[in-house]
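# Architecture at a glance
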Amino acid sequence: MRTTLFLLSLAGILRAGVLPAPSTDLPDGKPVATIVVAGGCFWGIEGVFEHVKGVKEAVSGYAGGSKMTAHYEIVGSGRTGHAESVQVTYDPQQITFGKLLQVFFSAAHDPTELNRQGPDEGTQYRSVIFYSTDAERKVAEAYIQQLNDAKVFKHKIVTQLTALNGFYPAEEHHQHFLEHNPNYPYIVYNDLPKLRELKKQFPDLWTGKMP
C-alpha cells in the first residue's frame, strides 16, 4: 500500500481553468465504447471517471507491458513497461471520446509531469492515452497539439500516445478504492481534490455525491 502523503499539485490545471473542448472528436455511432488512460495512481483516475455522466464502468489495471508482469508488486518496480491505467467504458450517446479527454486533462491529473504524479514517481505513473484505433490517435494527437498551442499549461504536455496491446485488470482490492476508502489519507490528500475539480469544472457531467 502507498504510505507517502503529499498534496497532489493541480497548479497547472487550476491556472488553466476549464480547458477548451477538443476541436475534433469521434462520431457517436457506437452504443458502447472504451478508452484506456493512465496518469498516476489508478485510484484517483478511476475515482474521477466513476463520477462522470455517461461512464458505465471504470476499472483499474495495467497497460503497456505483458500479461506475465501485470501484478501490482511487479509493476511497482518501474521496469515492466506497464503504467497504472484505467479502462473507461462509456456511452458515446451521452459523452464523447473528446469530452473524456477534456476531463482527463482538466481534472484527473497534471499532464505536464513526466513519469510522476504528486508523490508517486516512476514510469508506471506516466501520463498515457492508449489508443485502440487510428481515429482515436488522431483525435488525441490533435487535442494535445491544440492545448500546447493555446499554452493553457505553464509547461508542455508530456502525455504519451501508445497503441493499446492489452489491458489487465488490477487486483480486486484496488477496484473502486476511492469509493470504499474515502477517508484513507492518500485519497484525502491526493484524490478528493480531483473530484472537487471535476464537480467545479464540469457540473453538467457530475454524477453522485462527494465521498
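Calculation criteria
Residues numbered from 1 in each chain as written. Predicted model: local features only at pLDDT ≥ 70, side-chain atom pairs only at ≥ 80, totals over all residues. Heavy atoms only, no water. Axes fitted to C-alpha atoms, helices over the stretch in contact; angles between N-to-C directions. Helix = DSSP H or I, 4+ residues; strand = E, 2+ residues; numbered from the N terminus. Parallel < 35°, antiparallel > 145°, perpendicular 65-115°, else oblique. Left-handed = near helix turned anticlockwise from the far one by under 90°. Contact = heavy atoms within 4.5 Å. Nonpolar A, V, L, I, M, F, W, Y, C, P; charged D, E, K, R; others polar. Core = buried A, V, L, I, M, F, W, Y, C linked by side-chain atoms within 4.5 Å. Buried < 20%, exposed > 50% of the residue type's maximum accessible area, 1.4 Å probe, protein only. pLDDT = per-residue confidence, 0-100. Polar contact = N/O pair within 3.5 Å; in protein donor to acceptor, adjacent residues only side chain to side chain.

## With respect to the packing of helix α2 (residues 42–49) against helix α4 (residues 97–108)
Contact geometry for α2 and α4: axes closest at 11 Å, N-to-C directions at 125°. Considering the angle they form, α2 stands oblique to α4. Where α2 crosses over α4, the two elements pack in a sense that is right-handed. For the pair α2 and α4, contact is made by Ile45, Val48 and Phe49 and by Leu100, Val103, Phe104, Ala107 and Ala108, respectively. Split into classes, the residues belonging to the contact of α2 with α4 amount to eight nonpolar, no polar and no charged.

## Digging into the nonpolar core
Core analysis: the biggest nonpolar cluster contains 49 residues, and Phe49, Val52 and Phe105 have the highest contact counts within it. Here this core takes eight residues from α4, the largest share from any one element. Counting eight residues, the second-largest nonpolar core is a separate cluster that includes Val36, Val59, Ala63 and Phe130.

## Here we look at the confidence of the model for the protein chain
A residue-level look at the protein chain finds 92% of positions with pLDDT of 70 or above and a mean pLDDT of 92. pLDDT under 50 marks residues 3–16. Its contacts with residues more than four places away, or in other chains, come to 31 contacts.

## Points about the side chain of Arg137
Here Arg137 is to be found in helix α5 (residues 134–150). At 2.7 Å, the side chain of Arg137 and the side chain of Asp134 are in polar contact. Once you skip the residues sitting within four places of it in the chain, Arg137 turns out to touch Tyr131 and Leu161.

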